[in-house]
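Each chain, written out:
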Amino acid sequence: MNASKIVMKIVSICFGILITVLLVIGLYQGGKKAYNFGHRVFTETAVDLPEEGEEKVVNVTSGMGAKELGDLLEKKGLIRDAELFFVQLKLSSYSGKMKEGTYTLSTSMTAYEMMQIMSASDVEETETEE
């Protein structure tokens, strides 16, 4: 009887240590991901180098939200992560200022440069050849 209580106590202590170690690892990994995401919000680079930039035409429609705009830019290959763009836009002074129109953007532009162009008051329409 006494030996079984000792074994149960050891198992209980080991289980407690295991749970603590798993919590510490989970918190560390979660913190690392949160830090990396937060760091990228303010330091994300362009998809391509300036000499390798590729121009893409983007049509922003009225009523297009930040999430839809991020999805469109990611689909066109202008940004890497639509969720990151969403957060960048919401934290920027350009939030709610995106103007509808057709824009020619480059993969060598940062997200902030694209926001600046898409929120400019003098929108230039891009003509497409038919």
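Each remark here, short or long, concerns the structure printed above.
Reading the values: the criteria
- Each chain carries its own residue numbering, running from 1 in the direction its sequence is written.
- Predicted model: local features are reported for residues with pLDDT of at least 70 only, side-chain atom pairs are reported and counted for 80 or more only, and whole-chain, interface and lining totals are derived from all residues.
- The basis for the side-chain values is all heavy atoms of the structure; hydrogens and waters are excluded.
- By nonpolar core is meant a set of buried Ala, Val, Leu, Ile, Met, Phe, Trp, Tyr and Cys residues that side-chain atoms within 4.5 Å join together.
- When accessible area is computed with a 1.4 Å probe and restricted to protein chains, residues below 20% of their type maximum are described as buried, those above 50% as exposed, and intermediate ones as partly exposed.
- Here a strand is any run of E in DSSP of at least two residues, a helix any run of H or I of at least four, and the numbering for each starts at the N terminus.
- We call two residues in contact when some of their heavy atoms are within 4.5 Å.
- The term salt bridge refers to a pairing of a side-chain nitrogen on Lys or Arg with a carboxyl oxygen on Asp or Glu at a separation within 4 Å.
- To obtain each axis, a line is fitted to C-alpha atoms, and for helices this fit is confined to the stretch in contact; angles are then taken between N-to-C directions over 0 to 180 degrees.
- An angle below 35 degrees is read as roughly parallel, one above 145 as roughly antiparallel, one from 65 to 115 as roughly perpendicular, and any other as oblique.
- Crossing handedness is read from the near helix: turned anticlockwise from the far helix by less than a right angle, it gives a left-handed crossing, and turned clockwise, a right-handed one.
- Charged residues are taken to be Asp, Glu, Lys and Arg, nonpolar residues to be Ala, Val, Leu, Ile, Met, Phe, Trp, Tyr, Cys and Pro, and polar residues to be all remaining types, Gly included.
- A pair of strands is treated as paired once DSSP finds two or more bridges between them.
- Patch construction takes residues with relative accessible area above 30% that form no salt bridge. Like charges are linked within 9 Å, and nonpolar side chains (Val, Leu, Ile, Met, Phe, Trp, Tyr) are linked within 5 Å.
- Per-residue and other accessible areas were derived by the Shrake-Rupley procedure at a 1.4 Å probe size, with only the shown protein chains allowed to occlude residues.

A separate point is the nonpolar core. Residues Val58, Leu73, Phe85, Leu105, Met114 and Met118 are the most contacted members of the largest nonpolar core, which totals 17 residues. Among the elements of the structure, strand S1 (55–60), helix H2 (66–75), helix H3 (82–91), strand S2 (101–106) and helix H4 (111–118) are those that each provide at least two residues to this core. For Val58, the contacting residues outside a window of four places in its chain are Leu72, Leu73, Lys76, Leu78, Gly101, Thr102, Tyr103 and Leu105.

This paragraph deals with the pattern of salt bridges. Taken as a whole, this structure holds five salt bridges when the rule is applied. With its nearest N and O atoms 3.0 Å apart, the salt bridge here joins Arg80 to Glu44. Of this pair, Arg80 sits in the loop between H2 and H3 while Glu44 sits in the loop between helix H1 (2–43) and S1, and the two are 36 residues apart along the sequence. Among the salt bridges present, the one from Glu54 reaches Lys56, with a minimum N-O distance of 3.7 Å. Residue classification places Lys56 among the partly exposed residues on the basis of a relative accessible area of 23%. Each of Arg40, Glu44, Arg80 and Asp81 takes part in one network of salt bridges that share partners.

To continue, consider the packing of H1 against H3. Running from amino to carboxyl end, H1 crosses H3 at an angle of 60°, the nearest separation of the two axes being 9 Å. In terms of orientation, H1 and H3 fall into the oblique class. Judged by the sense of rotation from one axis to the other, the crossing of H1 with H3 is right-handed. Contacts between H1 and H3 pair Phe37, Arg40, Val41 and Phe42 from the former with Glu83, Leu84, Val87, Gln88 and Leu91 from the latter. Here the contact of H1 with H3 is built from residues that sort into six nonpolar, one polar and two charged.

Counting buried positions along S2 yields five of six residues, so the element is predominantly enclosed. Judged from the six bridges that link them, S1 and S2 form a sheet pairing that is antiparallel. By the bridge assignment, Val58 is partnered in S2 with Tyr103.

Here the focus is the packing of H3 against H4. In the contact formed by H3 and H4, the axes pass within 11 Å of each other and the chain directions differ by 60°. In terms of orientation, H3 lies oblique with respect to H4. Viewed along their axes, H3 and H4 form a crossing whose handedness is right-handed. Taking contact as the criterion, the partners of Phe85, Gln88 and Leu89 in H3 are, on H4, Ala111, Tyr112, Met115 and Met118. Taken together, the residues of the contact of H3 with H4 sort by class into six nonpolar, one polar and no charged.

Our focus in this paragraph is a nonpolar patch on the surface. Where nonpolar side chains cluster on the molecular surface, the patch consists of Phe15, Leu18, Ile19, Leu22 and Leu23 and spans about 500 Å² of accessible area. Relative to the elements of secondary structure, Phe15 occurs in helix H1.

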